[in-house]
Amino acid sequence: MNKKIENIAQKSLNGTPIDIDDARDIFSFKGDEIYDVLYWANKIRLKYFRTNINLCAILSAKQGSCSEDCKFCAQSTFYKTGTETLPLANENRVNESIKLAKQSGASSLGLVTSGYSLEGRLGSNGKENDFNKFCDLVESSSKSSPLPLHASIGCLTPEMAGRLSEIGVEQINHNLETSRNLFAKVCETHTYDERISTIKNAKKAGLKICSGGIFGIGENSDDIVELAFTLRDLDVDTIPLNFLNQVQGTPFYGNEPLKPMEILMIIALFRFTLPDKEIKVAGGRETCLRDLQSWMFYAGASSAMVGDYLTTKGKPANEDIQMIKDLGLNHSVKRENKLAMKS
Ligand code: SF4
């Protein structure tokens, strides 16, 4: 067993934050040492989460026609991807998704909308304004929902974040995606600072934060380490890790795919850096991890997304639940729906 890896792991196990050099060292381990890194990532996960695995599901509640140019995304109007455009979901569609998410073992359903913001371009009186309709939808669907509804609706002003909090939403998702430098090359229609402002606005409003990134978009290990440390500084609650599922028509179609062992090391890096936070493996795991999907928990993941993604299919939820049971883990973590309790 590599002593240097063990020493870094002991910091995470003892609640001492690892430093940037420790994180860079993690990525420097190669060959058989990778198994030592995974061994300790699993130990850290077990310390903070025992055998509990949290599952969540999402609904593409408004899809396509996005004004932004994120080069990995099938929903941008900048690229011809053939993605179907869907208006804001109605209550029936949300209720169907809640039912499916519950059957899939998910402990929450995230409503995800495309676009810069549900209020259009903030401060520019954009004609798009679905935010009030979205709040009404959340309030009405929540009354009978056994699951909490989370919101991933683009950039948020302090007022929007406050309103979400008032109606009982407990968590929002807003990914930083990658490092500051690389983000400027991946998206030129809005800035990293706008994304950080949304996270800060949501935190100030008392909302929990789910924020992570996407990998396989040309990042190097320094970009990954920087993202992990930025998220640690922002004190986010959940870190979703997405792995590029290449969509024809997007600029990143044809990128060199990440190898499964590289993905496991990314998961481990986040577990070492944010030892007590929910690390969630989200989009792309089926195509990128292939037969190594069950290893994601050994690499430190404490959570996974189940069911379909925004524009791509996931694997059947019963197969994920069987995989979790086969590993001796437990997915049945109960979460309260505070919105239903309010009504
Ligand atoms: S990631 Fe979000 S903001 Fe970027 S193009 Fe896709 S839907 Fe639009």
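Small disclaimer: the values here were computed from a predicted structure and weren't measured. (Residues numbered from 1 in each chain as written. Predicted model: local features only at pLDDT ≥ 70, side-chain atom pairs only at ≥ 80, totals over all residues. Heavy atoms only, no water.)

Peer 1: Would you explain the packing of aromatic side chains in this entry?
Peer 2: Each aromatic ring pair is summarised here by two numbers: the centre-to-centre distance and the angle between the ring planes. Overall, the coordinates contain 7 aromatic pairs when judged by the stated rule. Between Phe-183 and Tyr-192 the ring centres are 5.6 Å apart and the planes differ by 50 degrees, which places this aromatic pair in the tilted class. When sorted by exposure, Phe-183 lands in the same class as Tyr-192, which is buried. Plain terms: the ring middles of Trp-295 and Tyr-298 are 6.2 Å apart, the flat faces sit at 85 degrees to each other, and that makes the pair edge-to-face. Of this pair, Trp-295 and Tyr-298 both sit in helix 12 (residues 295–298), separated by 3 residues, roughly a single helical turn. The class of Trp-295 is partly exposed, set by a relative accessible area of 30%. For Tyr-298, a relative accessible area of 31% gives the class partly exposed. An aromatic cluster is built from Tyr-35, Trp-295 and Tyr-298, whose rings are joined through pairwise contacts. (Phe/Tyr/Trp six-rings, centres within 6.5 Å; stacked < 30°, edge-to-face > 60°. Buried < 20%, exposed > 50% of the residue type's maximum accessible area, 1.4 Å probe, protein only. Helix = DSSP H or I, 4+ residues; strand = E, 2+ residues; numbered from the N terminus.)

Peer 1: Sorry, what's going on with the packing of helix 5 (residues 131–142) against helix 6 (residues 158–166) here?
Peer 2: Two packed helices can be described by the angle between their axes and the distance between those axes. At a minimum axis separation of 10 Å, helix 5 and helix 6 run at an interaxial angle of 15 degrees. As the angle between them shows, helix 5 and helix 6 are arranged roughly parallel. Between helix 5 and helix 6 lies a crossing of right-handed hand. On helix 6, the residues that touch Phe-131, Asn-132, Phe-134, Cys-135 and Asp-136 of helix 5 are Met-160, Arg-163 and Leu-164. (Axes fitted to C-alpha atoms, helices over the stretch in contact; angles between N-to-C directions. Parallel < 35°, antiparallel > 145°, perpendicular 65-115°, else oblique. Left-handed = near helix turned anticlockwise from the far one by under 90°. Contact = heavy atoms within 4.5 Å.)

Peer 1: Just to check I follow, could you spell out the packing of helix 3 (residues 33–49) against helix 10 (residues 260–273) for this structure?
Peer 2: Following both chains from N to C, one finds helix 3 and helix 10 inclined at 45 degrees, their axes separated by 9 Å at the closest point. Comparing the axis directions of helix 3 and helix 10 gives the class oblique. Handedness of the crossing formed by helix 3 with helix 10: left-handed. Facing helix 3, whose interface residues are Ile-34, Tyr-35, Val-37, Leu-38, Trp-40, Ala-41, Ile-44, Arg-45 and Phe-49, helix 10 presents Met-261, Leu-264, Met-265, Ala-268, Arg-271 and Phe-272. Looking at the contact of helix 3 with helix 10 residue by residue, the classes come out as 13 nonpolar, no polar and 2 charged. (Nonpolar A, V, L, I, M, F, W, Y, C, P; charged D, E, K, R; others polar.)

Peer 1: Would you mind going over the pairing of strand 2 (residues 109–113) with me for this structure?
Peer 2: It is a general feature of regular strands that their side chains alternate between the two faces of the sheet. With respect to burial, strand 2 is a largely interior element, 5 of its 5 residues being buried. By the bridge criterion, 5 bridges tie strand 1 (residues 54–62) to strand 2 in an arrangement that is parallel. The partner of Leu-59 across the bridge, within strand 2, is Leu-111. A crossover connection joins strand 1 to the parallel strand 2 through helix 4 (residues 91–103); in handedness this β-α-β unit is right-handed. Bridge analysis of strand 2 against strand 3 (residues 149–152) gives 4 bridges, and the strand direction is parallel. Its bridge partner being in strand 3, Gly-110 is matched across the sheet by His-150. (Pairing = 2+ DSSP bridges. Right-handed = clockwise from strand over helix to strand, strands pointing away.)

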